[in-house]
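# Residue-level structure breakdown
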Amino acid sequence: TLSLAVSAVAAPNDATGDPCLSQEGKARTLCGHAEALARRLEGPAEGAPATGDPNIDVTHYFLDIEMLPEYAGQNVTDVRVSGTCTITAAPVADGLGVCGIDLHDGMVAMDVTGNVGSWSRAASKINITLDRSYNTNETFELTIEYRGYPQSSGFGAFNWWTRNGDLVIATLSEPFYAHHWWPCKDALDDKATMETHITVPNWMVALSNGRELGSVALPGARAKYMWEETYPMMPYLASLAITNYERYDLEFPYDDGSGPQVMPVPCYVYSDHWDYGAGQPEAAQKTGCDELPAMLETLSEQYGMYPFVDEKYGVVETGGTGGLGASMEHQTLSSMSRVSNFSDIMAHELAHQWWGDEVTCQTWFDIWTNEGFASYSEAVYREFKPGGGVGSYWDRMDMRRPFFPDGRVYRTAIDGVWDIFDGNDVYNKGAWVLHMLRHVLGDDAFFSALADYRETFRHDSVTTDEFAASFSNSFGYDLSWFTDQWVMSFGSPDYDWNYASDVVNGQHYLKLRIAQAQAGQGYGLFTMPVDIRVTTAVGSTVHRVWNDGWTEHYVIPIDGAPINVEFDEDGGVSYYNWILWDTRDKVTTSVQGPPVVVEVAVDVFAGVDGETIAAIVFSEDIASIEGADLTLVGATTGTHAPGLIVYSPVERSALLTFTDLPDDAFTLTILSGGVTANGETLDGEISDSDWWDDMLLPSGDGQMGGDAIITFNVLTGDGDQDGDIDVTDYAQYHQCFTGADFEPYAEGCGAFDFDSDRDIDMQDFAAFQVAFTGP
């Protein structure tokens, strides 16, 4: 479900016409939350979850019921339901002899037949002793004859009202009210196919899930409508919508690989919303209905083919005074509070067909995997629909921004409707979870992971842990850190940040400080990539930093002096934010942090004197560096000491000279503890190992501590220092060998002095031949 019935809520409209989303009160998805709905529900808004029997697996329901209106004169006084439900099921373990079926204790169970030995009633459970013991490879069948007056609960459950004197009947069973009007296993862990026959007074039209099997006239001015849902479905998604509806037929053309086909897209509207002269809905309703094929095409392009394409996708009006308390994604037939000027919510309920109906939350604790996904899909539809775009995406995400970002998405109490369907936490923050994850992964990887997730849990249920595992598997990196902080925990970041510019060795740098300040509210540290948009005279560039510490400093190479710096502002727009922060304050705190290595250049064959020179440039003036502050270790030749160390405070660079290094693979380590500036030790890690988009330089993970490790190879004869001796090196050797008196005359000729005699001669030529061609 998404928006409550809006007729009772006087909220101002936004530009989209959605009264639940206003400029004065963004993210008011549930239109004032529980208070607004509680005043207009005919039944209580609270109720305990049903306890579906975990020992049985229902495979099919056949529900054959009749609606029996009762009158006082011309006025409807109540609606009685009478009929049967035949349940086909199998044990989940061998030796099943008893089972239970859910039916609200306000409904009367008349009889239970089929594979039944005996049965009894206890509150809202029908307890059945089977005619024998059944094993997992066997099925049994139960037919429950029942009748009664279903009561409205939650968002409606079973609701009836009159509209312009005409009776309207509709159901909305989410979260756990299906058993209020029909016998079933009312649980989230069991999907089944379903056939539904509905007998009604013949002036009414009875709608339900799946494909229409037809209708027949019955004696007594009655008619029976027959529907078949061939895709597995959760019981709470079973639907009735009954009145004198008018049907507006649309089509969704598609090709699933077997050639062009067409799926029916019926739009059912109230009779007072029908233009009988034109034979179509009135203008406002027609406009809403006409958008459905484009919605189906757009979301199918982003998520994969509409899940129930062999049947239909329809919408039906069930709102208005006395109507259902929300719009609802009933499988293949969404019940809509309205269809006029309701594009975002229409897209929401359609998106539920993928996220909620085909892939369903495993528990009501995980409801965000239904509602967060559908809420996010509103923005996805805006982005990719005909005439849409990125700006429209951002506008919808801004409307979906939680007014209280510190709430927890994952539910911890599910006893009542409002424990589950929290607009701020589940819908809005849940949508932002996906928005943020999309940016963490990148578009291609995000939509690919989404497709894998759908394929893995198609026609099944999913927990938050399974969601994280699926996305991690698709992406190739563990993403549980993301769901742990954004779904399972309370809080959001409060960022304090500042920057300064610097020039080192002719290169411009941005020095950035980011601190998180939410610890005072009791919330933990948030690990996230943060986009920093830097504008110079050359243009604007986005730099992404990995922020995983309470206070971190970054040194970022830029292409000129910064004119403007923006923190988490996509395209420089203030509300285009990829992170759901609570605050992001630019402060005046000093940005002077620990020194980092900003440049490394190793000249393995520096001149002709057997020298290797490593030039190390630091972001800060480290004052001095000594032999004890570094190590050089060859993989096979062990430790080597520099012959000379020269440090320049002006250039902030150290020149390390090593003499006559043998052929080997070397590791040069600048020790953190010996290099300091601003009272802090070297931040020397060359990359942040917790992130998959490593920057080799500058070094640093944002916090002081960590050695800088630099590797290089010495290979005599490798003039171009590419790691092998090939024809390029042969040409370079020839130039060095033919120099005057065989003396090296070009820089880099030292690479060919095999005998270290400071001369490129015949002895070196023989050695080079062996190195080039092999012994």
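Because the structure is predicted, anything quoted here is derived from the model rather than measured.

### Digging into the state of the cysteines
All chains considered together, the criterion is met by one disulfide. Note on cysteine connectivity: C267 is disulfide-linked to C289, with sulfurs 1.9 Å apart. Taking the sign of the S-S torsion, -55° for the link of C267 and C289, the bridge is left-handed. Residue C267 is located in strand β16 (residues 260-269), and its partner C289 is located in helix α2 (residues 283-290); the two are separated by 22 residues in the primary sequence. Here C267 and C289 have matching classes, each one buried.

### Side note on the confidence of the model for the protein
Per-residue pLDDT for the protein has a mean of 90; in total, 90% of the residues score no lower than 70. pLDDT under 50 marks residues 2-46. Its contacts with residues more than four places away, or in other chains, come to 130 contacts.

### Re helix α9 (residues 443-456)
Residues spaced three or four apart along an α-helix point in a common direction, a consequence of the helix completing one turn every 3.6 residues. Helix length check: α9 (14 residues) gives 20 Å between terminal C-alpha atoms against 20 Å at 1.5 Å per residue, within 8%. Residues of α9 that are buried: F446, F447, A449, L450, Y453 and R454. Summarising the axial view, the buried residues of α9 lie within an arc of 155°, below the 170-degree limit, and thus occupy one face. α9 presents D444, E455 and T456 as exposed residues on the side facing more than 90 degrees away from its buried surface. Contacts from the buried residues of α9 go to α3 (292-303), β21 (359-361), α5 (368-384), α8 (423-441), β22 (460-462) and α10 (464-475).

### Topic: the environment of G323
Tracing the chain through its elements places G323 in the loop between β19 (314-317) and β20 (333-336). Residue class for G323 comes out buried when judged on its relative accessible area of 7%.

### Looking at the sheet that holds strand β15 (residues 246-255)
The strand order β15-β16-β19-β20 describes an open sheet built from four strands, whose pairing is mixed. Single-partner strands in this sheet number two, and they are β15 and β20. Neighbouring strand axes in the sheet, compared pairwise and without regard to direction, differ in orientation by 20° on average. With two bridges joining them, β16 and β19 adopt parallel strand pairing. Opposite C267, over in β19, you have V315 as the bridge partner. Along the sheet, α2 makes contact with β15, β16 and β19, crossing β15 at roughly 20°. On the sheet, α3 packs against β15, β16 and β19 and is oriented at approximately 30° with respect to β15.

### Here we look at the pattern of salt bridges
Within the structure shown, the criterion is met by 28 salt bridges. The salt bridge involving D272 is made with R163; its shortest N-O contact spans 2.9 Å. Of this pair, D272 sits in the loop between β16 and β17 (274-275) while R163 sits in strand β8 (residues 157-163), placing them 109 residues apart in sequence. By relative accessible area, which is 30% here, D272 ends up partly exposed. In this structure, D344 engages R396 in a salt bridge whose closest nitrogen and oxygen atoms are separated by 2.9 Å. Taken as a pair, D344 in helix α4 (residues 343-351) and R396 in helix α6 (residues 390-399) lie far apart in primary sequence, 52 residues in all. One network of salt bridges, with partners in common, ties together D344, E378, R382, R396 and R400.

### Details of the pairing of strand β31 (residues 611-618)
The pairing of strand β30 (residues 597-606) with β31 spans seven bridges and is antiparallel. What sits directly across from V602, in β31, is A614. Relative to strand β35 (residues 653-659), β31 is paired through seven bridges, and the arrangement is antiparallel. Of the residues in β35, the one forming a bridge with T612 is F658.

Reading guide: rules and limits
Counting restarts for each chain: residues are numbered from 1 in the order of the written sequence. This being a predicted model, a pLDDT of at least 70 is required before a residue's local features are given, and a value of 80 or more before pairs of side-chain atoms are given or counted; all residues contribute to the totals for chains, interfaces and linings. Side-chain metrics rest on all non-hydrogen atoms present in the structure, leaving aside hydrogens and water. Note on terminology: disulfide denotes any pair of cysteine sulfur atoms within 2.5 Å. The numbering of helices and of strands both runs from the N terminus, where a helix is a DSSP run of H or I of at least 4 residues and a strand a run of E of at least 2. Note on classification: 1.4 Å probe, protein chains only; a residue is buried when its accessible area is under 20% of the maximum for its type, exposed when over 50%, partly exposed between these limits. Per-residue confidence from the predictor is given as pLDDT, running between 0 and 100. The contact definition used throughout considers only heavy atoms, calling two residues in contact when any of these lie within 4.5 Å. Take the number of residues in a helix, subtract one, and multiply by 1.5 Å to get its expected span. Each C-beta atom gives one direction from the helix axis, and the arc is the one those directions make. In short, DSSP must find at least two bridges between two strands for them to pair. Geometry is summarised by axes, namely lines fitted to C-alpha atoms with helices restricted to the contacting stretch, and by angles between N-to-C directions that run from 0 to 180 degrees. Here, a salt bridge means any Lys or Arg side-chain nitrogen found within 4 Å of an Asp or Glu carboxyl oxygen.

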